[in-house]
Amino acid sequence: KKSLDDEVDPKEKPPKPPQQFNALNYTRDFEPLKWSLPVPTELAFKSSDEFMAEYISTKRANKIDLPWEHKDRYSHQKISLPLPIISPNFPKSATLTMKHYFACGGATSIHTSTQQGRIGICMMENQFAGKPPLEGCDTHKDHNLRKRLPIDFISDIGLQGPPCYYASMHNGGLENIAKHYPNSTILMVTRNATNWARSIKKWGNLLHRWKKICGFDGRFRSSDHSIAYWDDLHEEAETYEEYWVQFYHAHTQKIREFAMEHLTITYVEAELEDPDMAEKMEKYTTVSRECIMDCHPGPKWIKLHNQTSRCHPVGKNPALKAADVDEDSDDGNNDDRTEENEGNMDDDEPEMEE
């Protein structure tokens, strides 16, 4: 005989199956992946306007069309850029701002995780298997339309682990994008590197994991000259800020070098602090400049500032004044703090797609 406990409520939804790309499938004994960054040169310190002028000139010299000059070709879609659009921005570098920007423009825009799991794990496992970076995580079920849509834009595509994986940092990641998506778009929004370093210091224990799990301080030293350079710089830098500022600039340089080496891929770059950034983004994408918002990730921020939304019109974010106070009192040291840091890691509270 069946007991009452065995009876199933017909109205009760069945439990969701576990996500395919789940960080819980990995433990701390996962061997760190090899990564590389160039030794910074003049290219790393050019403004976005300067680099984009050079990039556009190179495309024209090679007789490769610029999408924003042929928008009629993209009249069938919401964005006048080749799809998919992949943003390799580091955390705390406008990843959520860009997600909401493209969503505002009507695109299928995803940040951190798809309905199948973490984007970073999907891209890592596909790279290992020799598959396209977004295979298995490139669609989104729209519950209102009751159909599955291709994903147009992704951001916050890395994770600090375990496993630690960033397509723009780990060997072969960018090459896998170029191999399978030779006509896609790479979008970079840069920040003032010092502001970024001070911001990321407060973001949970991300820097701690970048060092201990990812080895982004060069601790997994090898014969690779660039890794030895970062190891030495980390030892010699007087403050954490000096190191991570150079690290950020080198990452920007690596993306720019990749863009110049793969001209069939469309590259778009803008600076977050540029007062004309929204206007420039509209020129490149056709998405209205009014869609640019100031966004802050994490539900803790909403509670802390008694807000109902993480995104506000530019210049009207209630956290800006508090952030100014924090920066005035910042001594620029101690990047190993974990629990006492304000904010939470994206691993602890990712933006999950339902």
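Q: What is the right way to read the overall build of the chain from this model?
A: Within the chain one finds eleven helices and 13 strands. Across the 354 residues of the chain, 51% fall into the buried class. Sequence-distant contacts, at least 24 apart, represent 75% of the contacts inside the chain between residues at least 6 apart.

Q: Where do I start with the pairing of strand β5 (residues 139–142) in this structure?
A: Remember that side chains alternate between the two faces of the sheet whenever the strand is regular. A one-sided burial pattern is seen for β5, the buried positions being His 140 and Asp 142 and the unburied ones Thr 139 and Lys 141. By the bridge criterion, four bridges tie β5 to strand β6 (residues 147–150) in an arrangement that is antiparallel. Each bridged residue has a counterpart across the sheet, and for Asp 142 the counterpart in β6 is Lys 147. Counted between consecutive antiparallel strands, the loop separating β5 from β6 contains four residues, among which Arg 146 sits at a positive phi close to 60°.

Q: Can you walk me through empty space enclosed by the protein in this structure?
A: Rolled over the atoms, a probe with the dimensions of a water molecule shows which regions are left empty. Tallied over the full model, the rule gives one cavity of 30 Å³ or more. Looking at the largest cavity, its volume works out to about 40 Å³. A per-class count over the lining of the largest cavity returns seven nonpolar, no polar and one charged.

Q: Any chance you could explain the packing of aromatic side chains here in plain terms?
A: In this description, an aromatic ring pair is defined by two values, namely the gap between the centres and the angle between the planes. The final tally for this structure, using the stated rule, is 28 aromatic pairs. For the pair Trp 68 and Tyr 284, a centre-to-centre distance of 4.7 Å together with 70° between the ring planes defines the contact as edge-to-face. With Trp 68 in the loop between α1 (48–61) and β1 (85–86) and Tyr 284 in helix α9 (residues 277–285), this residue pair connects regions lying 216 residues apart in the sequence. By the burial criterion, Trp 68 is buried, and Tyr 284 matches it. Centre to centre, the rings of Trp 196 and Trp 210 are 6.2 Å apart; their planes meet at 35°, and the pair counts as tilted. Of the two residues, Trp 196 is situated in helix α5 (residues 193–201) and Trp 210 in helix α6 (residues 206–212); the sequence distance between them amounts to 14 residues. With relative accessibility at 0%, the residue Trp 210 sits in the buried group. The rings of Trp 35, Phe 90, Tyr 166, Trp 196, Trp 210, Phe 216, Tyr 229, Trp 230, Tyr 243, Trp 244, Phe 247 and Tyr 248 are connected pair by pair, giving a single aromatic cluster. In this structure, Lys 92 packs its charged tip against the face of Trp 203, placed 4.6 Å from the ring centre.

Q: Explain unusual backbone geometry to me, please; I cannot follow it from the model alone.
A: Apart from glycine, the bulk of residues carry a negative phi angle, and the bulk of peptide bonds sit in the trans form. For the peptide bond that leads from Leu 83 to Pro 84, omega is 0°, which places it in the cis range. Take Pro 84: it is sitting in the loop between α1 and β1. Pro 162 connects to Pro 163 through a cis peptide bond whose omega is -5°. You can see Pro 163 is positioned in the loop between β8 (159–160) and β9 (164–165). One non-glycine residue, Lys 63, adopts positive backbone phi at about 55°. The residue Lys 63 is located in the loop between α1 and β1 in this model. Exposure remark for Lys 63: the relative accessible area of 78% places this residue in the exposed category. Positive phi, close to 75°, is recorded for Thr 112, a residue that is not glycine.

Q: It is not clear to me how the sheet that holds strand β11 (residues 266–271) should be interpreted in this structure. Could you clarify?
A: Sheet strands associate in pairs through backbone hydrogen bonding, adopting either a parallel or an antiparallel arrangement. Taking strand neighbours across the sheet as the criterion, the five strands line up as β2-β7-β1-β10-β11 in an open arrangement whose pairing is parallel. A strand with exactly one partner marks an edge of an open sheet, and here the two such strands are β2 (109–111) and β11. Where β2 and strand β7 (residues 153–155) come together, three bridges link them in parallel fashion. Counted as the bridge partner of His 111 is Ser 155 from β7. Across the face of the sheet, helix α8 (residues 240–261) comes into contact with β10 (185–190) and β11 while running at roughly 155° to β10.

Analysis parameters
- Residues numbered from 1 in each chain as written.
- Predicted model: local features only at pLDDT ≥ 70, side-chain atom pairs only at ≥ 80, totals over all residues.
- Heavy atoms only, no water.
- Helix = DSSP H or I, 4+ residues; strand = E, 2+ residues; numbered from the N terminus.
- Buried < 20%, exposed > 50% of the residue type's maximum accessible area, 1.4 Å probe, protein only.
- Contact = heavy atoms within 4.5 Å.
- Pairing = 2+ DSSP bridges.
- 1 Å grid on protein atoms, 1.4 Å probe; cavity = no way out; pocket = protein on both sides within 12 Å on 5 of 7 lines; lining within 4 Å.
- Points joined across faces, edges and corners; volume = space filled by probe spheres on them.
- Nonpolar A, V, L, I, M, F, W, Y, C, P; charged D, E, K, R; others polar.
- Phe/Tyr/Trp six-rings, centres within 6.5 Å; stacked < 30°, edge-to-face > 60°.
- Lys NZ or Arg CZ within 6 Å of the ring centre and 35° of its normal.
- Axes fitted to C-alpha atoms, helices over the stretch in contact; angles between N-to-C directions.

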